Structures are given as C-alpha cells and as structure tokens.
Amino acid sequence: MELIKGYIHSTESFGTVDGPGIRFVVFMQGCPMRCKYCHNPDTWEMNTGKEVTVQQLLDEYDGCREFYKNGGITVTGGEPLMQTDFVTELFEEAKRRDIHTCLDTSGITFNPENTQKLDRLIQSTDLVMLDIKHIDAAQHKELTGHDNSDILAFARYLAENNVPMWIRHVVVPDITTDEKYLYQLGRFIGRLRSVKALDVLPYHDMGAEKYKKLGIAYPLEGTVPATDEQAKSAKEAIMRGIRDVRAKK
C-alpha cells in the first residue's frame with residue numbers, strides 16, 4: 001500500500017445520517033465551495049488539519065468494527081474529491097477488507113475532460129451521496145459561489161457508470177423553495193438511472209456559532225430554519241418531476 005497522506009478535519013465513530021447503517025465518518029479538510037448554509041466553515045482551508053495515513057484511519061475503524069456490520073466508511077468534508085488520490089487508496093484498501101464505502105460529495109471538482117482518477121475511484125465506491133444545491137445555474141452560483149454545470153455533469157457520469165447514488169437537497173426558505181426549480185430538479189434526477197434514494201433536508205442555523213467563533217460573518221443571518229412541512233412540500237415537488245420523466249419512458 002502506497003504511503004499517501006491526507007489532511008482530515010476529524011472523524012466520527014458512530015455516524016447514522018451519512019449512508020446506510022452505523023458508519024465511521026471521515027471529514028476531509030479543504031473545500032472550494034462557499035455554500036451560504038455550510039455548517040462546517042472550519043473545513044474550508046486546504047492543507048491544514050490533521051495529517052493521516054490510510055492505515056491510521058483503518059486502525060481507528062477497526063477499534064469499533066463490531067458496530068459497523070451493517071454500515072461502513074463514509075468520506076465527507078470539506079470536499080473529499082479535493083484529495084482524490086488519498087480517498088482512492090482508502091477505499092481500495094477498505095474494499096480489500098470487505099468494508100462498504102460511501103463518498104459524500106458536492107461533485108464540484110468534476111472535470112468531464114479528464115475522468116481518469118475518478119474512473120479508478122468509482123471502482124471501489126459502493127455509494128455516492130451527492131448534494132445538488134440548486135438546479136438553476138445562476139441561483140446555484142449565488143448560493144455557493146460556483147456554477148453547477150460540472151456538478152450536474154458529475155451526476156450524469158455516475159449514472160452512466162451505474163454508480164449507486166443518494167441525492168441530497170437542502171431546503172432553505174426563500175432560496176431553494178421555489179416549486180418551479182424543485183420540479184426541474186426532479187426532472188433532472190428522474191433521468192439518472194442509478195439514483196436509489198432522495199433526502200430532502202430542512203436548513204438549520206446550528207453552524208452560526210462556528211462562524212462567530214471563526215470571526216466570519218454568517219451569510220444567512222436572519223434566515224429562519226426550514227420546517228419539516230417545508231421539507232415535505234419540497235420533496236413532493238421534486239418527486240412530481242421524477243414521476244413525470246419516468247412516466248414517459
């Protein structure tokens with residue numbers, strides 16, 4: 001096993017919302033996105049945090065392995081694809097040990113012209129949890145600082161390669177609650193043949209305190225958290241789009 005080192009922010013031993021089952025969650029350090037509702041701004045900076053090897057992480061996993069029988073390892077962020085080589089080595093070694101692997105990503109680093117590294121990574125990736133922040137390019141840029149074209153291309157790439165996906169979408173009042181865009185998002189998802197689940201999550205402001213401690217202005221100051229009812233309504237709009245596309249196939 002090649003000794004590649006990665007920068008991580010932290011690990012979580014008993015994650016229950018980061019893929020199927022109980023999971024060992026690795027939070028990678030570094031992210032180019034600046035999502036207004038990000039609750040981990042302390043993971044943005046590159047080449048900082050704790051430097052680790054694959055073996056160190058797997059040793060930590062093994063310390064609680066008996067609890068992960070129906071789970072596995074999830075790598076999240078930050079943005080894990082900022083350190084693709086390290087994640088690839090981690091996942092390849094995990095598969096040699098029969099450990100389920102899950103990649104939680106925004107897809108922002110995807111380059112349709114050069115997929116060589118990803119072609120290798122997806123061979124050892126059991127599941128991708130993909131955040132689609134907004135289906136409209138201009139509103140996506142306003143929300144995150146980046147266009148969404150490569151993210152949508154990444155979703156299509158995963159579907160074309162039959163990589164199982166869970167799609168995540170965060171409902172932010174007055175930002176991602178427009179039914180027109182939710183329906184369009186559903187129509188996009190409906191064309192992705194490898195999507196296995198859809199999680200529509202209500203925005204919360206629990207990260208605001210981190211911004212304060214870091215001396216960063218909180219971008220959504222004054223935005224009220226979304227309700228469960230708003231999340232339910234948004235999911236229904238997305239599902240209408242999915243059903244309409246699939247009914248025509």
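The coordinates are above.
Parameters and conventions
Residues numbered from 1 in each chain as written. Predicted model: local features only at pLDDT ≥ 70, side-chain atom pairs only at ≥ 80, totals over all residues. Heavy atoms only, no water. Axes fitted to C-alpha atoms, helices over the stretch in contact; angles between N-to-C directions. Helix = DSSP H or I, 4+ residues; strand = E, 2+ residues; numbered from the N terminus. Parallel < 35°, antiparallel > 145°, perpendicular 65-115°, else oblique. Left-handed = near helix turned anticlockwise from the far one by under 90°. Contact = heavy atoms within 4.5 Å. 1 Å grid on protein atoms, 1.4 Å probe; cavity = no way out; pocket = protein on both sides within 12 Å on 5 of 7 lines; lining within 4 Å. Points joined across faces, edges and corners; volume = space filled by probe spheres on them. Nonpolar A, V, L, I, M, F, W, Y, C, P; charged D, E, K, R; others polar. Core = buried A, V, L, I, M, F, W, Y, C linked by side-chain atoms within 4.5 Å. Buried < 20%, exposed > 50% of the residue type's maximum accessible area, 1.4 Å probe, protein only. Salt bridge = Lys/Arg side-chain N within 4 Å of Asp/Glu carboxyl O. Arc of directions from axis to C-beta. Polar contact = N/O pair within 3.5 Å; in protein donor to acceptor, adjacent residues only side chain to side chain.

The geometry of helix α6 (residues 179-190) relative to helix α8 (residues 228-247) is characterised by a closest axis approach of 7 Å and an angle of 45° between their N-to-C directions. The orientation of α6 with respect to α8, classified from their angle, is oblique. With respect to the hand of their crossing, α6 and α8 are arranged in right-handed fashion. Counted together, Glu 179, Leu 182, Tyr 183, Leu 185, Gly 186, Arg 187, Ile 189 and Gly 190 of α6 and Ser 233, Ala 234, Ala 237, Ile 238, Arg 240, Gly 241, Ile 242, Asp 244, Val 245 and Arg 246 of α8 form the full contact between these two elements.

All right, on to empty space enclosed by the protein then. One pass over the full model with this rule turns up 1 cavity of 30 Å³ or more. In this model, the largest cavity occupies a volume close to 30 Å³. Forming the walls of the largest cavity are His 134, Ile 135, His 169, Thr 176, Tyr 181, Leu 182 and Leu 185. With 3 residues, the top contributor of residues to the lining of the largest cavity is α6. Residue composition of the lining of the largest cavity, by class: 4 nonpolar, 3 polar and no charged.

Among the nonpolar cores identified, the biggest contains 55 residues, and Phe 154 and Met 165 are the most heavily contacted of them. Setting aside residues up to four positions removed in sequence, Phe 154 forms contacts with Leu 81, Thr 105, Gly 107, Phe 110, Leu 118, Val 128 and Leu 130. Among the nonpolar cores identified, the runner-up in size contains 15 residues, and Cys 38, Val 170, Tyr 211 and Tyr 218 belong to it.

For the rest of this paragraph, the subject is the pattern of salt bridges. In this structure the tally under the stated criterion is 12 salt bridges. Close ionic contact of Arg 97 with Asp 62 constitutes a salt bridge, the shortest N to O distance being 3.4 Å. Within this pair, whereas Arg 97 is found in the loop between α2 (84-96) and β5 (101-105), its partner Asp 62 is found in helix α1 (residues 54-62), the two being separated by 35 residues in sequence. By relative accessible area, Arg 97 is classed as partly exposed at 23%.

Next up on the list: the layout of surface pockets. By volume, the largest pocket is sized at about 830 Å³. Elements with a minimum of two residues in the lining of the largest pocket: β1 (5-15), β5, β7 (165-171) and β8 (195-202). Split by residue class, the lining of the largest pocket holds 13 nonpolar, 12 polar and 7 charged.

Mapping Leu 192 onto the fold places it in the loop between α6 and β8. Once residues lying within four places of it in the same chain are set aside, the contact partners of Leu 192 are Ala 155, Arg 156, Ala 159, Met 165 and Arg 246.

Moving on, we come to helix α4 (residues 137-144). Burial in α4 covers these residues: His 140, Leu 143 and Thr 144. Down the axis of α4, the buried side of the element spans an arc of 75°, and every buried residue falls inside it. Exposed residues on α4 whose side chains face more than 90 degrees from its buried face are Ala 138, Lys 141 and Glu 142. Between a side-chain oxygen at the N-terminus of α4 and the backbone nitrogen of Ala 138 the separation is 3.3 Å; the capping residue is Asp 136. Immediately beyond the C-terminal end of α4, within one or two residues, lies Gly 145, with a positive phi of roughly 90°.

A cis amide bond, omega 5°, links Gly 77 with the succeeding residue Gly 78. Tracing the sequence through the fold places Gly 78 in the loop between β4 (72-76) and α2. Backbone geometry places Asp 98, a non-glycine residue, at a positive phi of 60°. Structurally, Asp 98 can be placed in the loop between α2 and β5. Taking the relative accessible area as the measure of exposure, Asp 98 reaches 66% and is therefore exposed. Located in the positive-phi region is Asn 162, a residue other than glycine, with phi close to 60°. Along the chain, the position of Asn 162 falls in the loop between α5 (149-160) and β7. Overall, Asn 162 belongs to the exposed group, its relative accessible area being 52%.

Keep in mind these values describe shape, not function.
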